[in-house]
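The residues making up each chain are set out below.
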Amino acid sequence: MRRKEQIYEGKAKKVFATDDPNLVIVDYKDDATAFNGAKKGTIAGKGAINNQMSNHLFRLLEQQGVETHFVEQLSERETLVRRVSIVPLEVIVRNIAAGSFAKRYGVEEGMVFAAPTIEFSYKNDALGDPLLNSYHALALGLANAGEIERIKTMALRINEVMKRYFDGMGVTLVDFKLEFGRTADGKIVLADEISPDTCRLWDKATGEKLDKDRFRRDLGGVEQAYQEIMRRVMEK
Ligand code: TMP
Ligand code: ASP
């Protein structure tokens with residue numbers, strides 16, 4: 001599939017048109033940002049790792065009946081995906097308290113929940129991606145009631161599949177962020193990426209962080225953590 005003009009550039013990826021109006025090419029960058037772009041840096045090799053790891057997980061999810069935008073990996077950094085319009089919601093699933101949840105509700109990181117939680121943020125950089133609930137999302141017309149129900153059901157199913165998968169490689173899936181898109185025929189599918197940029201992954205034996213928190217919190221060993229999680233995913 002030939003790459004045509006660039007149609008979008010985000011913080012971590014570029015998107016290109018193709019000859020087929022229903023397909024686009026995603027190109028993953030090594031650029032890393034945190035805190036709504038306030039912190040900027042580069043994680044060497046991240047684009048290639050996130051692309052391949054995300055594709056690996058999307059294939060696994062497809063096998064488990066979760067519909068995604070994934071079509072075909074084209075190169076280390078490039079993937080052909082279905083063209084969707086992104087629902088402007090960041091869908092966060094949590095199994096264990098960490099990050100903004102721990103801070104907002106004044107609990108220790110590491111508190112294990114009896115059942116997973118879901119929260120939404122409004123995907124809007126100018127507003128700093130504010131937290132919102134389903135009623136807010138409906139009021140703002142970000143999605144309809146049926147779409148919100150499907151997104152919640154898919155998010156919990158994705159959590160079950162991924163939790164089991166990471167557990168099998170000695171990793172605890174703490175939390176993660178998903179984005180969904182609408183296809184040309186109006187169907188909601190999983191889109192964007194699932195990678196160490198968008199998940200919290202803790203080594204089960206040592207508690208070591210194997211994700212972007214190493215960059216966000218200046219913990220060092222960022223590249224090594226991405227390589228380690230990639231190694232475990234690819235070995236499985
Ligand atoms: P949080 O605890 O900072 O709200 O993050 C929850 C999860 O969502 C964590 O796995 C990191 C991921 N995340 C993103 O992928 N993009 C973002 O912009 C933010 C804030 C979090
Ligand atoms: N989306 C955040 C940013 O733009 C990154 C993050 O914390 O994952 O800077």
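The following refers to the structure shown. (Residues numbered from 1 in each chain as written. Chains lettered and ligands numbered in written order. Predicted model: local features only at pLDDT ≥ 70, side-chain atom pairs only at ≥ 80, totals over all residues. Heavy atoms only, no water.)

### Focus on the packing of helix 1 (residues 46–63) against helix 4 (residues 145–167)
Two elements in contact, helix 1 and helix 4, have axes whose closest approach is 11 Å; the angle formed by their N-to-C orientations is 115 degrees. Once helix 1 is placed against helix 4, the crossing between them reads as right-handed. Here Met53, His56, Leu57, Leu60 and Leu61 of helix 1 lie close against helix 4, whose contacting residues are Ile158, Val161, Met162, Tyr165 and Phe166. Of the residues in the contact of helix 1 with helix 4, the class split is 9 nonpolar, 1 polar and no charged. (Axes fitted to C-alpha atoms, helices over the stretch in contact; angles between N-to-C directions. Helix = DSSP H or I, 4+ residues; strand = E, 2+ residues; numbered from the N terminus. Left-handed = near helix turned anticlockwise from the far one by under 90°. Contact = heavy atoms within 4.5 Å. Nonpolar A, V, L, I, M, F, W, Y, C, P; charged D, E, K, R; others polar.)

### A look at empty space enclosed by the protein
Applying the stated criterion across every chain, the model contains 1 cavity of 30 Å³ or more. Estimates place the volume of the largest cavity at around 40 Å³. Around the largest cavity sit Val26, Tyr28, Ser54, Asn55, His69, Thr79, Val81 and Asp192, which together line it. Of all elements in the fold, only strand 3 (23–28), helix 1 and strand 7 (78–82) reach the threshold of two or more residues within the lining of the largest cavity. Class assignment for the residues of the lining of the largest cavity results in 3 nonpolar, 4 polar and 1 charged. (1 Å grid on protein atoms, 1.4 Å probe; cavity = no way out; pocket = protein on both sides within 12 Å on 5 of 7 lines; lining within 4 Å. Points joined across faces, edges and corners; volume = space filled by probe spheres on them.)

### Looking at the pattern of salt bridges
For the structure shown, the criterion picks out 32 salt bridges. Among the ionic pairs, Glu9 bridges to Lys29, the shortest N-O distance being 2.6 Å. Placement of the pair is Glu9 in strand 1 (residues 6–9) and Lys29 in the loop between strand 3 and strand 4 (31–34), with a sequence separation of 20 residues. With relative accessibility at 44%, the residue Glu9 sits in the partly exposed group. Arg217 is the partner of Glu109 in a salt bridge, and the nearest nitrogen-oxygen pair spans 2.8 Å. One end of the pair, Glu109, is in the loop between helix 2 (99–105) and strand 10 (112–122); the other, Arg217, is in the loop between helix 5 (213–216) and helix 6 (222–235), and 108 residues separate them in sequence. Taking the relative accessible area as the measure of exposure, Arg217 reaches 33% and is therefore partly exposed. What you see here is one network of salt bridges that share partners, running through Arg94, Glu109, Glu119, Asp175, Arg200, Asp213, Arg216 and Arg217. (Salt bridge = Lys/Arg side-chain N within 4 Å of Asp/Glu carboxyl O. Buried < 20%, exposed > 50% of the residue type's maximum accessible area, 1.4 Å probe, protein only.)

### A short note on the nonpolar core
In summary, soluble globular proteins display a tendency toward joint burial of nonpolar side chains. With 49 residues, the main nonpolar core has Ile158, Phe166, Leu178, Phe180 and Ile194 as its most contacted residues. Sort the elements by how many residues they give to this core and helix 4 lands first, with 9 residues. Contacts of Leu178, omitting those with residues within four sequence positions, involve Leu89, Glu90, Val91, Ala155, Ile158, Leu190 and Ile194. (Core = buried A, V, L, I, M, F, W, Y, C linked by side-chain atoms within 4.5 Å.)

### Overview of the site of ligand 1
Lining the immediate surroundings of ligand 1 are 14 residues, of which Arg94, Ser100, Asp175, Lys177 and Arg200 lie closest. Residue Arg94 places a side-chain N or O atom 2.9 Å away from an oxygen atom belonging to ligand 1. Ser100 is positioned with one of its side-chain polar atoms (N or O) 2.5 Å from an oxygen atom of ligand 1. In isolation ligand 1 exposes 450 Å². Once the protein is present, 77% of that is buried. When residues of the shell around ligand 1 are traced back to their parent elements, those giving at least two are strand 9 (89–96), helix 2, strand 12 (171–182) and strand 14 (199–203). (Near = heavy atom within 4 Å. Polar contact = N/O pair within 3.5 Å; in protein donor to acceptor, adjacent residues only side chain to side chain. Areas by Shrake-Rupley, 256 points an atom, 1.4 Å probe, with all protein chains shown as cover.)

### Description of the site of ligand 2
Ligand 2 sits among Lys11, Thr33, Ala34, Phe35, Asn36, Gly37, Lys212 and Arg216. Between Arg216 and ligand 2, the recorded distance is 2.8 Å, taken from a side-chain N or O atom to an oxygen atom. Here the shell around ligand 2 is built from residues that sort into 2 nonpolar, 3 polar and 3 charged.

### Quick notes on the sheet that holds strand 3
The 5 strands are arranged 1-2-3-7-6 in an open sheet whose pairing can be described as antiparallel. Every other strand in the sheet has two partners, leaving strand 1 and strand 6 (70–73) as the edge strands with one partner each. Averaged over all pairs of adjacent strands, the angle between their axes in this sheet comes to 25 degrees, without regard to strand direction. For strand 2 (residues 13–17) and strand 3, the ladder comprises 5 bridges, and the chain directions are antiparallel. Pairing of Ala17 across the sheet is with Val24, part of strand 3. Together, strand 3, strand 6 and strand 7 form the strand contacts of helix 1, whose direction differs from that of strand 6 by roughly 130 degrees. (Pairing = 2+ DSSP bridges.)

### Observations regarding the packing of helix 1 against helix 6
Two numbers describe how helix 1 lies on helix 6: the axes approach to 10 Å, and their chain directions differ by 30 degrees. On the basis of the axis angle, helix 1 is roughly parallel to helix 6. Considering how the two elements wind past one another, helix 1 and helix 6 form a crossing that is left-handed. Side by side, helix 1 and helix 6 meet where Lys46, Ile49, Asn50, Gln52, Met53 and His56 of the first sit next to Tyr226, Gln227, Ile229, Met230, Val233 and Met234 of the second. (Parallel < 35°, antiparallel > 145°, perpendicular 65-115°, else oblique.)

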